[in-house]
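Okay, here's what each chain looks like letter by letter:
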Amino acid sequence: MLDTDTDEIHPLFQGAPQTTEFKKLRKRIVRYTREAIDQYGMLERREDGSVPKWLVCLSGGKDSYTLLAVLHELKWRGLLPVDLLACNLDQGQPGFPATVLPEFLERMQVPHRIEYQDTYSIVMDKIPQGRTFCALCSRLRRGNLYRIAREEGCSAVVLGHHRDDILETFFMNLFHGGRLATMPPKLVNEEGDLFLFRPLAHVAEADCEKFARAMNYPIIPCDLCGSQDGLQRQQVKQILDGWESNSPGRRQIMFRALMNARPSHLLDPKLFDFTGLELKNFDNPMESEEIPQLR
């Protein structure tokens, strides 16, 4: 049982609300994060006894602030035996408040690295007017983060994607990609030398929002993507919002379905040997079940 009535454990939690509601929220986020780390095997077991190092990606949004805080809480409690290095990639967006995150991280005494790479100009040059920037922007950002992780001796790049990001990605693939796929909580990069972790996989977006706002973290919006109307992700989010409004709890039920796949009840022959299915042998009465007689 977590005890958040004790003195603040880290500068990231300075001024934390002492309300019962916030304490429950904090415990829930910590519990779900620890659950995902354990369930998906994110903790490396090294034979030489060395401590892994994680590159914790910080965009300045509510999700990455929540990720940073909860990982530091788990580390303080002895539940996360890793070194943490926060990293912000300044992509050269016009008007980006470049001093906000460095000042915040210094004040919070968080080890960090700030990297400037003008990927914004590349995206604007390569993407035609009216098209979405997300895919190329994400690809360029990921490449730089992998490079930084290698330079810093990290074994994993850690992202702040939460339950709702994962669910929205599933429906985007379903509606627009023609496949059943989403963001996995854990994967290995194409080069095979780095893990990518999403410890907030079980945490609801609403909880990240409540937590970051309650802690008064200096949230920086992503105006590059958020300013474009009609994005597929926004359309999917609106659909899910509608379902959730009509049937509260629907999001969590759908998320649980992603953890309860039955290949034999889908249609992909690469996942299940449909051609190998055979009927029971009724020629040998010793091997067959008794067939009830009709009356």
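Preceding this section is the structure that the text describes.
Residues numbered from 1 in each chain as written. Predicted model: local features only at pLDDT ≥ 70, side-chain atom pairs only at ≥ 80, totals over all residues. Heavy atoms only, no water.

Colleague: Can you walk me through the side chain of Arg 251 in this structure?
Modeller: Positionally, Arg 251 belongs in helix H10 (residues 250-258). Among the polar contacts listed, one links the side chain of Arg 251 to the side chain of Asp 164, at a separation of 2.7 Å. Other than its neighbours up to four places away in sequence, Arg 251 contacts Arg 163, Asp 164, Leu 167, Glu 168, Lys 237, Leu 240, Asp 241 and Glu 244. (Helix = DSSP H or I, 4+ residues; strand = E, 2+ residues; numbered from the N terminus. Polar contact = N/O pair within 3.5 Å; in protein donor to acceptor, adjacent residues only side chain to side chain. Contact = heavy atoms within 4.5 Å.)

Colleague: Quick question: what am I supposed to make of the packing of helix H6 (residues 163-177) against helix H9 (residues 232-246) here?
Modeller: Helix packing for two helices is described by the angle between their axes and how far apart those axes are. Viewed as axis vectors pointing N to C, H6 and H9 meet at an angle of 110 degrees, and their least axial separation amounts to 9 Å. As far as their axial angle goes, H9 and H6 are roughly perpendicular. When you trace H6 past H9, the crossing you get is right-handed. Packed against H6, whose contacting residues are Asp 165, Leu 167, Glu 168, Thr 169, Phe 171, Met 172, Phe 175 and His 176, the element H9 presents Gln 232, Arg 233, Val 236, Lys 237, Ile 239, Leu 240 and Trp 243 at the interface. Its residues assigned to classes, the contact of H6 with H9 shows eight nonpolar, three polar and four charged. (Axes fitted to C-alpha atoms, helices over the stretch in contact; angles between N-to-C directions. Parallel < 35°, antiparallel > 145°, perpendicular 65-115°, else oblique. Left-handed = near helix turned anticlockwise from the far one by under 90°. Nonpolar A, V, L, I, M, F, W, Y, C, P; charged D, E, K, R; others polar.)

Colleague: What exactly am I supposed to notice about the pattern of salt bridges here?
Modeller: As a working rule, side chains carrying opposite charge can pair if their charged atoms are close by. All told, the structure shown has 23 salt bridges when counted by the stated rule. Note that Asp 207 and Arg 28 form a salt bridge whose closest N and O atoms lie 2.9 Å from each other. Of this pair, Asp 207 sits in helix H7 (residues 205-214) while Arg 28 sits in helix H1 (residues 20-39), placing them 179 residues apart in sequence. Look at Arg 28 and you get partly exposed, because its relative accessible area is 24%. Three or more residues are tied together by salt bridges with common partners; here these are Lys 53, Arg 113, Glu 115, Arg 147, Glu 151 and Glu 152. (Salt bridge = Lys/Arg side-chain N within 4 Å of Asp/Glu carboxyl O. Buried < 20%, exposed > 50% of the residue type's maximum accessible area, 1.4 Å probe, protein only.)

Colleague: Got a minute to help me understand the packing of aromatic side chains in this structure?
Modeller: Where two aromatic rings form a pair, the distance of their centres and the angle of their planes describe that pair. One pass over the full model with this rule turns up 12 aromatic pairs. Consider the rings of Phe 170 and Phe 171, whose centres lie 5.3 Å apart with planes at 85 degrees: the pair is edge-to-face. Its relative accessible area of 16% is what places Phe 170 among the buried residues. By relative accessible area, Phe 171 is classed as buried at 9%. Here the aromatic cluster, defined as three or more aromatic residues joined through ring pairs, consists of Phe 13, Phe 22, Tyr 65, Phe 104, Phe 211 and Tyr 217. (Phe/Tyr/Trp six-rings, centres within 6.5 Å; stacked < 30°, edge-to-face > 60°.)

Colleague: What is the right way to read the state of the cysteines from this model?
Modeller: Two cysteines whose sulfur atoms are joined by a covalent bond form what is called a disulfide. Across all of its chains, the model carries zero disulfides by this definition. For Cys 57, which is in no disulfide, the shortest distance to another cysteine sulfur is to Cys 87 and amounts to 6.0 Å. Relative accessible area serves as the criterion here: at 10%, Cys 57 is assigned to the buried category. (Disulfide = S-S within 2.5 Å.)

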